[in-house]
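Structural overview
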Amino acid sequence: MYRLIKQSQVLNEVLSDVTEQHSYSDIAKRLQAFFSHLEEQSVSNSEHANKLFNMVLSEIERLAHQHDDFYLCFQSILLLYGDKKAAFESLAEYTKNPKLPFEQRWYIHWQLCLTYFVNPNEFERRYRDELLLSSYRSSLSSYAKEFEQHHASSRALASMLVGNDFAKQTLTSQKIVIVTNQFIGLKHAPTSLCLNMAMKYIELGYDVSIVNLAVLPENQDALFVGGCGFNSLSELDNTGIDYMMDEARCRFIPNSLRFNQIIYRHHKIPFSQVSDRNKHYSAIELLLNHNPQLVVSVSDNNLFADVLGKYSRGAFPVVMYPTSSGTPLTLFSTPLNMSHPYLEKETPSHPDSIELLRSYAKPFTYKSLGRESLGLPAEKFLISLVGTRICEELDKASLNALYVLLESDESIDIVFVGPPKERFEALGLHYKERIHHLPYVTDLSSVIAEMDLFFNPDRAGGGTSAVMALGAGVPIVTLSRGYSDVAWWVQDKFSFKTLDDAIRFALRCSSDQAYYTEQRQVALSEYQQVSTCGCSFEKLLKDVGLT
């Protein structure tokens, strides 16, 4: 590939400093920096910037016919800057290539997942139900094949050493194993969900362990422009660690045990992070031979859980508990289905699909912070947008709606809560004196409580922070979209068909105090319903036949 770059007059100029020592991901980052620079140039000279962009893209397309890595590069550029739908389809098809190593196949699948999650309004439902499922199936096939080889070797070794296969044992205790793809900290919604589930099952008398697979791909050495990796806590790869988790801070403390523990709300939860795939397969074998009461995967797709579901053959339930709206991608484990009021009714992909109860049993705490302590104006009607990825998820139509609100009512200010400073500044927003930024905060629920309205752009995520807003009596504005977590939580109370309807609601809240007070009561009533209607974790036990 390096030779092709040096032979190309166009790429040799763009990548003049690239040597054989540079990795594929280094080259991808340089290309992304070049395209980002062209985007900035296009503001003052769009004709020149577009000419350069098309010249480089055409050259990469030419090389794509000669080398697979350039084909991947070309499609990734289109996914970022061009025809997203066509690139999505091409990359989903590319994951079927039998020559692809598992790591690259899995990496591409998660780039497609991220693209769909961040831009759900740009894709029809079939891109998830057909194309994402197809790329997931390709990765699962590779993963299952590796497991089968590992399992066959283990059985052969056991037969040689002890004269028979592994002896089946049913755990005498009421063992529940919770499996995660990523386990980080309390501000990470899937981690928080996992811990709340563990605490409920411990409260009910079950013996609970957490296994984090750390399986979400980190930065892969691939020529994928705009690719994003997922972080993990490498400290947890070791053993004999207590991970102390609380709202103020998290810390690692050595223990004298052979395994790790999560210390959360004064409880010690056995924990293991198995980031190596051979350890995954050993863990699957252990579970297959020791029949736990229940395995729950807190994720929207999980190779480990699907292989476990396939080979357990119903000996114990393996359930996929989703972290976002809709039915999770799964082939052999039982999915929990978030039945969405704004999603067309569909036949569940799994005959034993379980309905997920709309409940949030964990109460939030709200402290009176005071706006001055946050550097926010006390007298303004503050509308918040919340999330670490909110800048990437903010579509142009929603941004224009915010501008309309600012133009229509001078008492309104906007507050971005959570995104990194550099991403917020990269938005280049107008009305800078009336748009405020709060970076990562430790007490998110209390910050949200200082706001007057929670504005959810046209995106998939934001569910947990929306429930925080309800609990603080903060009305919500969201679009009635089938992929929206927030719309699932608020149902028809604060969901609007169009942004014009949403704008009218927000303006009435800012100008009509009596109406706004009514809407605050609606928010509190809705929170009362989702926090007291029962516990989805308990319902799951009943659904799978446990009491």
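As a reminder, the structure under discussion sits directly above these lines.
Here we summarise the structure given alongside this text. (Residues numbered from 1 in each chain as written. Predicted model: local features only at pLDDT ≥ 70, side-chain atom pairs only at ≥ 80, totals over all residues. Heavy atoms only, no water.)

1. Brief notes about the sheet that holds strand β15 (residues 476-479)
Read across the open sheet, the six strands follow the order β13-β12-β11-β14-β15-β16; overall the sheet is parallel. Pairing within the sheet leaves two strands with one partner each, and these edge strands are β13 (435-438) and β16 (495-496). Judged from the two bridges that link them, β15 and β16 form a sheet pairing that is parallel. Bridged to T478 within β16 is S495. Strands in contact with helix α14 (residues 396-408) are β11 (381-386), β12 (412-417), β13 and β14 (453-455); relative to β12, the strand with the most contacts, it is inclined by about 145°. (Pairing = 2+ DSSP bridges. Helix = DSSP H or I, 4+ residues; strand = E, 2+ residues; numbered from the N terminus. Contact = heavy atoms within 4.5 Å. Axes fitted to C-alpha atoms, helices over the stretch in contact; angles between N-to-C directions.)

2. Some details on the pattern of salt bridges
As enumerated under the stated definition, the model contains 27 salt bridges in all. With its nearest N and O atoms 3.0 Å apart, the salt bridge here joins E526 to R358. Here E526, found in helix α20 (residues 513-532), pairs with R358, found in the loop between β10 (354-355) and α12 (371-374); they are 168 residues apart in sequence, far enough to count as distant. Exposure class is identical for E526 and R358. Each is buried. (Salt bridge = Lys/Arg side-chain N within 4 Å of Asp/Glu carboxyl O. Buried < 20%, exposed > 50% of the residue type's maximum accessible area, 1.4 Å probe, protein only.)

3. Focus: the side chain of K380
Along the chain, K380 falls in the loop between α12 and β11. If we ignore the near neighbours within four places in the chain, the residues touching K380 are R371, E410, S411, I412, D413, R434 and D452.

4. Description of the packing of helix α6 (residues 84-94) against helix α7 (residues 102-118)
Axis separation between α6 and α7 bottoms out at 10 Å; the angle between their running directions is 155°. Comparing the axis directions of α6 and α7 gives the class roughly antiparallel. In the crossing of α6 with α7, the sense of the turn from one axis to the other is left-handed. Contact residues: F88, L91, A92 and Y94 in α6; Q104, I108, L112, T115 and Y116 in α7. (Parallel < 35°, antiparallel > 145°, perpendicular 65-115°, else oblique. Left-handed = near helix turned anticlockwise from the far one by under 90°.)

5. Comments concerning the pairing of strand β2 (residues 207-212)
Two faces make up the sheet, and in a regular strand the side chains alternate between them. The buried count for β2 comes to five of six residues, which makes it a mostly enclosed element. Inspection of the sheet shows strand β1 (residues 175-180) paired to β2 by six bridges, in the parallel sense. Counted as the bridge partner of I176 is V208 from β2. In the classification by handedness, the crossover that spans β1, the intervening helix α9 (residues 189-203) and the parallel β2 is right-handed. Bridging between β2 and strand β6 (residues 267-273) involves three bridges; their strand directions are parallel. Across the sheet, I210 pairs through a bridge with F271, a residue of β6. (Right-handed = clockwise from strand over helix to strand, strands pointing away.)

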